[in-house]
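An overview of the molecular structure
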Amino acid sequence: MGRREDAKAAVGALHRHTDALSDVCYLNQGQIDEVADNDTMISTLQKNKLAYPIDGLSGYQLHGKVRGLFDHVTRRHRYRESHSRLAGLIEDLESSILSYRHAKTKVHTDVDFALSEVKEIVMDIMDAIGDTVEMFHSVVNDEFSVVSDIDERIRQTRRCIDDISKINIVFESLGVSQMQRWVNVDLQLENLLMKILKSHVDRCLLDLVASGRKLHDMLAKLITDKKFQHVNNLIDAFSGKFKKDPGYRPNIDSVETPPDCLIQSEAIFIGGYANTDSAIDEVTLGDIAQTAMEKREAKLTKEHPEAENITVEHRTSETIEEEIDPLIISVEQLFDALMSPAAPDSLSACYAYRALNVNATLEDWMLTVMSYYSAQKRAIDPLWKLRISTHIEEPINGTHYVDDITFERKVVSHG
Amino acid sequence: MSYSPIFEEVIMQLLAQSVVCEISSPECFRFVEQEHNREQIDKHLHAIGRHLAQTSDKLGYFCAYNVLDTSKKRSRTQKQFESFVIDLEGIIDWLRLVRSIDQDSRPLVAGAQVKESELLSAIEESNSLKQQLESISQKLKTGGKSTEARAKLTAVLKYLVEQNYLKPMGGTGTQFMATAKWSLLYDQLDFIRSYDAIEIASETEQQRELL
């Protein structure tokens, strides 16, 4: 027969006798009794090298590989069974302790027998706890390695974490306070529960904690892997889209209610503007401007420190001739004329402006004449009287426009 | 409510369009993480037509409009989206480049470290990565005239820092941490992908492509 045929025949043999094989595995330690009912099964299994006769004994032994396969595929179920078995055993322990205490108070009852019952249950509990933790440990370490789908692995890990919390409830019922209540003042129970059972529970609890920690790590890693997988898929999807459709530009114009991630509010830069049209803030604005100017000046000085250190040169031997503005020269000429003996009786500033051919505007000329007059007033006033001809432009009559300034000689009376 | 400098800082950051996260501003992020503070911030933003939103991976907070009830808000949102789209292809290419350099092919997510030296040594060893960087630099308009991979990489990193995708760490300026702006980007991509019905390549297709 070929490879495939052999495999099919073996699987078929197991399939045909699943129920009987399951009992053989878990109720009979793999031993198949040589009875008429099992003849077909024995011959089929033997043919497929799945069972062999036990030397010197009647009966057959199921191959270890078959037991391994059954163990592997029923691990979770058996774990659950053992979990509920454990809960039942604790109840049994409680009632056997009660019976033992009761036996101690009676004269004709067998105390040793009651105690041996308690011992037996304690041993059963220790086995059950050991099996449960061991099974859980192997569930955590092996079972998931064959599952490739991340979602399924996350689901299984979560389920395992739930189971671990259930086991913890069982462990809680085997806590010190509970044991002390059971022990009371009985030395034999103390030795049995507080020493033997307690140390075993502690050891198993440590294993359970380690498995639980590993489970949480696994879950965190799986969730991260899932997140990474999702992001990687997104990156690949868009990269593929841009390659396939080079002009692709996403558009959300027609989305009625976009999600939050697409309606991030635009940046607001908080600031204020002063109302320069109103005089109400004049003083405040003046202060702000003053402060700003001071800061600006300080900054400029900082930026250009050389401005602070002006080099002073010793240049006393040189003579620098100051150039006098031609406008000032013309004004001085006008006042020289006024003070000369040949001056006329009346002299107009506008006339002088034209006569001296002043190279400045008439307004500048008039203003300079007035300021010069103010400065020289004491010398000029005794001899000359100033007359200013002005006009008003309606409708505003508060402003007087100066047309001309005329100097008129004062009549000096000689006593 | 009395004056709180950290509250002020958070509000200012949110209104300046920042994504508040553990990397970009740890103190602010921790402040927002507290439910009471979150409620206060949200209440404050609601009064100006906005609300506090969170990225789907819960790593970043940002400010979003309550509703796009005016044409002004709608046009601003569209304008923002358009500027996001302009750089999208370059950003996607950058993500692929960083992922291909990572030993475990992990994508760039908030909190991930980016070391310029590691990227550069991988890029300088591979012509294909050099070309990828060149293309990214062109798409993001960051490369300038330089032909050197180092200059291009530095310019791209600088651009990503300016856009708040990366935050420089340490004093050398060559190590960065990814901010939760990437989380916001992935949320945006997720929505666009489902809206535009962009197909995600199945694992088999990806394997075939790799082969």
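Only a predicted model underlies this, so the values are computations on that prediction, with no experimental measurement involved.

**Some details on the domain arrangement of chain B**
Interfaces are frequently sized by the accessible area removed from exposure as the parts join. Residues and elements named next belong to chain B. Partitioning chain B into structural domains gives domain 1 (5–65) and domain 2 (71–179). Distance between the C-alpha centres of domain 1 and domain 2: 26 Å. Of all residues in domain 1, the largest losses of buried area upon contact with domain 2 belong to Gln 17, Ile 23 and Tyr 65, amounting jointly to 66% of the total for that side. In this structure, the connection of domain 1 to domain 2 is made through zero salt bridges. Across the side of domain 1 that touches domain 2, the residue classes break down as four nonpolar, three polar and no charged.

**Brief notes about empty space enclosed by the protein**
One pass over the structure, following the stated rule, counts one cavity of 30 Å³ or more. Looking at the largest cavity, its volume works out to about 40 Å³. In terms of lining, the largest cavity is formed by Ile252(A), Asp253(A), Val255(A), Pro258(A), Leu68(B), Arg74(B), Thr77(B) and Gln78(B). Classifying every residue of the lining of the largest cavity by side-chain character gives four nonpolar, two polar and two charged.

**Here we look at the interface of chain B and chain A**
At the junction of the two partners, chain B supplies 49 residues and chain A supplies 37 residues. Where chain B meets chain A, there are two salt bridges. Residues Glu266(A) and Arg76(B) are paired through a salt bridge, measuring 2.8 Å at the closest nitrogen-oxygen approach. Scanning the region where chain B abuts chain A turns up 19 residue pairs in polar contact (both at pLDDT 80 or more). Every element with two or more residues in the side of chain B that touches chain A is listed here: helix 1 (5–15), strand 2 (50–54), strand 3 (60–65), helix 4 (71–101), helix 8 (181–195) and helix 9 (203–210) of chain B. At 13 residues, the largest contribution of residues to the side of chain B that touches chain A is made by helix 4 of chain B. Of the residues in the side of chain B that touches chain A, the class split is 26 nonpolar, nine polar and 14 charged.

**Topic: the sheet that holds strand 5 (residues 384–392) of chain A**
All names here are of chain A. The three strands are arranged 4-6-5 in an open sheet whose pairing can be described as antiparallel. Whereas interior strands pair on both sides, the edge strands pair on one side only; in this sheet they are strand 4 (346–348) and strand 5. Each strand axis lies, on average, 25° off the axis of its neighbour in the sheet, ignoring direction. Here strand 5 runs beside strand 6 (residues 400–409); their pairing, made up of nine bridges, is antiparallel. The residue bridging Thr 390 from the neighbouring strand is Val 402, located in strand 6.

**Let's talk about the pattern of salt bridges**
The tally for this structure, following the rule as stated, stands at 17 salt bridges over all chains. With a closest N to O distance of 3.1 Å, Lys221(A) and Asp225(A) form a salt bridge. Placement of the pair is Lys221(A) and Asp225(A) together in helix 9 (residues 187–244), with a separation of four residues, close to one helical turn. Using a relative accessible area of 53% as the deciding quantity, one classes Lys221(A) as exposed. Arg106(B) serves as the salt-bridge partner of Asp104(B), at 3.8 Å between the closest nitrogen and oxygen.

**Looking at the nonpolar core**
Of all hydrophobic cores here, the largest spans 63 residues; its most connected members are Phe238(A), Trp94(B), Trp182(B), Leu185(B) and Tyr186(B). Among the elements of the structure, helix 9 of chain A together with strand 3, helix 4, helix 5 (116–125), helix 6 (127–139), helix 7 (149–162), strand 6 (175–178) and helix 8 of chain B are those that each provide at least two residues to this core. Considering every element that reaches this core, the biggest residue donor is helix 4 of chain B, with 11 residues. Each of domain 1 (5–65) and domain 2 (71–179) of chain B accounts for three or more of the residues forming this core. In this structure, Trp94(B) is in contact with Leu108(B), Leu119(B), Ile136(B), Leu153(B), Val156(B), Leu157(B), Leu160(B) and Trp182(B), ignoring residues within four places of it in sequence.

**Describing a negative patch on the surface**
All names here are of chain A. Among the surface-exposed residues, Glu 91, Asp 92, Glu 94, Glu 117, Glu 120, Asp 124 and Asp 127 lie close enough to one another that they form a single negatively charged patch. With four residues, helix 6 (residues 111–141) is the single largest residue contributor to the negative patch. If you trace the backbone, Asp 127 turns up in helix 6. What makes Asp 127 partly exposed here is its relative accessible area of 48%.

Calculation notes
Residues numbered from 1 in each chain as written. Chains lettered and ligands numbered in written order. Predicted model: local features only at pLDDT ≥ 70, side-chain atom pairs only at ≥ 80, totals over all residues. Heavy atoms only, no water. Domains from an automatic or database assignment. Buried area = accessible area lost by both parts, 1.4 Å probe. Salt bridge = Lys/Arg side-chain N within 4 Å of Asp/Glu carboxyl O. Nonpolar A, V, L, I, M, F, W, Y, C, P; charged D, E, K, R; others polar. 1 Å grid on protein atoms, 1.4 Å probe; cavity = no way out; pocket = protein on both sides within 12 Å on 5 of 7 lines; lining within 4 Å. Points joined across faces, edges and corners; volume = space filled by probe spheres on them. Contact = heavy atoms within 4.5 Å. Polar contact = N/O pair within 3.5 Å; in protein donor to acceptor, adjacent residues only side chain to side chain. Helix = DSSP H or I, 4+ residues; strand = E, 2+ residues; numbered from the N terminus. Pairing = 2+ DSSP bridges. Axes fitted to C-alpha atoms, helices over the stretch in contact; angles between N-to-C directions. Buried < 20%, exposed > 50% of the residue type's maximum accessible area, 1.4 Å probe, protein only. Core = buried A, V, L, I, M, F, W, Y, C linked by side-chain atoms within 4.5 Å. Patch = residues over 30% accessible without salt bridge, like charges linked within 9 Å, V, L, I, M, F, W, Y side chains within 5 Å. Areas by Shrake-Rupley, 256 points an atom, 1.4 Å probe, with all protein chains shown as cover. Lys, Arg positive; Asp, Glu negative; His and termini not counted. Charge placed at Lys NZ, Arg CZ, Asp CG, Glu CD.

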